Amino acid sequence: MSRSRIGLRLAALGYLSLILLGPLAMLFYRAFAHGVSGAWTALNDKDTIHAFKVTLEAACIAVPLNTLFGILCGLAIVRGNFRGKGLINAFVDLPLALSPVVVGVSLFLLYGRTGWFGHWLIGNNVQVLFALPSIVLATIFVSLPFVAREVVPTLREIGQEQEQAAYTLGASGWQTFWRITLPSIRWAVIYGVVLTTARCLGEYGAVAVVSGSIQGKTETATLRVQEEYENLNYAGAYGISLALALIAVLVLVAMTFLKPHEKAA
Amino acid sequence: MSISVRNVTKQFGEYVALGDVSIDVAEGSLTALLGPSGSGKSTLLRVIAGLEQPDTGNVFIDDRDVTGLAPQDRGIGFVFQHYAAFKHMTVHDNVAFGLTIRKRPKAEIEKRVRELLQLVQLDGLAHRYPAQLSGGQRQRMGLARALAVDPSVLLLDEPFGALDARVRTELRAWLRRLHDETHTTTVIVTHDQEEAMEVTDTVVVMNRGQIEQVAEPRELYEQPANEFVMSFVGQVNRVGDSFVRPHDFEVTRVANSTTREAMIKRIIHLGFGVHVELVRDDGEPFLVQMTRDEAEGLELQEGQIVYVRPTRETTFS
């Protein structure tokens, strides 16, 4: 290996360590600086457990919905033949470009007291803001693009010939989707689901605006970190952060296991 | 079953793929759609299959108007140039697909798949995936898959186009034998005139979305309908207003009143035949074919001056 290539590798590794691994290592160090007990107590706190439950609930609704939407959207973008296709393609990326805080504020404007739906919601006694529905809406919004983004290039790559072959063999559109299209894009879907899940668990900005961060009620895991931090309960903040980081690492491991499959398929 | 196409047109944007095309394919025949790329031959096949909808016109299979029917309901088998193998299924499941969709009893499916794999000589490879097969094997699987549902017509879109020359020749001969046994009405799209001439009973020559001629292979070569067919099917030299096949020349070493002077530029030995590239006295290049014995008898050499006379000319008014 040439000297310049070694240098390049060192530079890349050094940069990654500084930017990514350094902060994570610090987190590990500080969470256990005063023994395991501080972090453990914080994780066993009933509000913390509730916060994880809220995060999980939001993810359990957002992930299946966005998976379904992502597949349909991918099919529409790649296989569809209608005006406005380009518009859909561009809109799918919107949540990636928009700051989550802006998403939160716009949800607030829509469902708040003076918003378009606000009046009707109050009249019918439906609580959206400062409750689970708003958390779910915000989570769905920010994690929307990932499945579609994975599915679109894969659908383009596999082309339409296999589907047309299925038609000539007598398969209906529905049968073709289940037996040919979906199995062909399954790794892209799984990969998209993993990314969507990670994004749902980590969401902070949009949820912070709409949920109201009510302890034991509308607080999510990420909001709980902020809460503990502000209350100067650092061991707790680090402990919860660490739990979130570990989930992220698990997701990462899952992703690296899935990637080679995707190429082989 | 017979196929009949009536006044079909198909445009892709501004591009006219088919301009008012009508053909009849006789029951039990093996017909080629022959033409250069962009001639509309594949589009015509896909219109027959229902994979493309014509802008105007009708398609009949066995006298039934199928124009509005989906490909599923036309009773066809289709073989794709790039195999369109179901990559996530084994060879067995690929071939069984049409029968599984039709919910046939399991025992019947197994029996039929076994028969078909034997027919296409893939019996040992039932549990392989398409990625583990060669191109020729994949296309044989594609054929078995199409045949599994007992199609009334078999449509093949440049089926051997992506294969190497030796495998192509093998599969051509095999397709001909298969047709002789089953007599399924078959339409094959090809840009290879040799393939069309060798395999089929009837050749439909297409060019720019139009049909130029429908004829038996021999008639096509000997009585081409126009300039395009003459020059597309086989090699041809242009001599003034007429056309001469390379083998329709007499070459001599001595001049007479009917001959023309030419210089030998290159002699190409192709086993039995010899190709001689010549330049006429007015600078026009042309090609003459003769047997090896003829070339040896004349003692031809590159750079030599010879005298040539066309023995058979074709003129189109």
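Residues numbered from 1 in each chain as written. Chains lettered and ligands numbered in written order. Predicted model: local features only at pLDDT ≥ 70, side-chain atom pairs only at ≥ 80, totals over all residues.

A. Region of interest: the overall build of chain B. From N to C terminus, chain B includes nine helices and 18 strands. For chain B, the C-alpha atoms occupy an extent of roughly 80 × 45 × 35 Å along the three principal directions. Across the 317 residues in chain B, those meeting the buried criterion constitute 39%. (Helix = DSSP H or I, 4+ residues; strand = E, 2+ residues; numbered from the N terminus. Buried ≥ 20, exposed ≤ 12 C-beta atoms within 10 Å, placed from the backbone.)

B. Geometry of unusual backbone geometry. For Asn125(A), which is not a glycine, the phi torsion comes out positive at approximately 60 degrees. Structurally, Asn125(A) can be placed in the loop between helix H7 (118–123) and helix H8 (132–142). Residue Glu299(B) is not a glycine yet carries a positive backbone phi of 50 degrees. Summarising the element assignment, Glu299(B) is placed in the loop between helix H9 (292–298) and strand E17 (305–310).

C. Quick peek at the confidence of the model for chain A. On average, residues of chain A carry a pLDDT of 88, and 97% of them reach 70 or more. Confidence, expressed as mean pLDDT per element, reaches its minimum in chain A at helix H14 (residues 234–264) of chain A with 78 and its maximum at helix H10 (residues 161–168) of chain A with 96. (pLDDT = per-residue confidence, 0-100.)

D. Quick peek at the domain arrangement of chain B. According to the domain assignment, chain B contains domain 1 (3–229) and domain 2 (237–315). A separation of 40 Å is found between the C-alpha centroids of domain 1 of chain B and domain 2 of chain B. (Domains from an automatic or database assignment.)

E. Quick peek at the sheet that holds strand E7 (residues 153–157) of chain B. All names here are of chain B. The strand order across the open sheet formed by six strands is E6-E7-E8-E3-E9-E10, and the pairing between neighbours is mixed. Sheet topology places strand E6 (76–79) and strand E10 (210–215) at the edges, where each strand pairs with a single neighbour. Strand-to-strand twist of the sheet, defined as the mean angle between neighbouring strand axes without regard to direction, takes the value 15 degrees. Relative to E10, strand E9 (residues 202–207) runs antiparallel, the two sharing five bridges. Following the sheet pairing, Met-206 is matched in E10 by Ile-211. Packed on one face of the sheet, helix H4 (residues 135–147) meets E6 and E7 and runs near 170 degrees to E6. (Pairing = 2+ DSSP bridges. Axes fitted to C-alpha atoms, helices over the stretch in contact; angles between N-to-C directions. Contact = placed C-beta atoms within 7 Å.)

F. Highlighting the sheet that holds strand E5 (residues 64–65) of chain B. Residue and element names in this part refer to chain B. If you trace the four strands from one edge of the open sheet to the other, you get E2-E1-E4-E5, paired in antiparallel fashion. In this open sheet, the two edge strands, each paired with only one partner strand, are strand E2 (15–25) and E5. When strand E1 (residues 3–12) meets strand E4 (residues 56–61), the two strands line up antiparallel, connected through five bridges. Pairing of Ile-3 across the sheet is with Ile-61, part of E4. Where helix H1 (residues 41–49) meets the sheet, it contacts E1, E2 and E4, and its direction lies at approximately 120 degrees from that of E1.

G. Looking closely at the nonpolar core. Judged by nonpolar contacts, the single largest core of 86 residues is most densely connected at Leu33(B), Ile48(B), Val95(B), Ala144(B), Leu155(B) and Val205(B). Setting aside its immediate chain neighbours within four residues, Leu155(B) contacts Leu45(B), Ile48(B), Ala49(B), Ile76(B), Gly77(B), Phe78(B) and Val187(B). Judged by nonpolar contacts, the second largest core, of 53 residues, contains Ala31(A), Ile185(A), Ala198(A) and Val210(A). (Core = buried A, V, L, I, M, F, W, Y, C linked by C-beta atoms within 7 Å.)

H. Expanded view of the environment of Phe141(A). Tracing the backbone shows Phe141(A) in helix H8. Placed 104 residues apart in sequence, Phe141(A) and Ser37(A) show a C-alpha to C-alpha distance of 37 Å.

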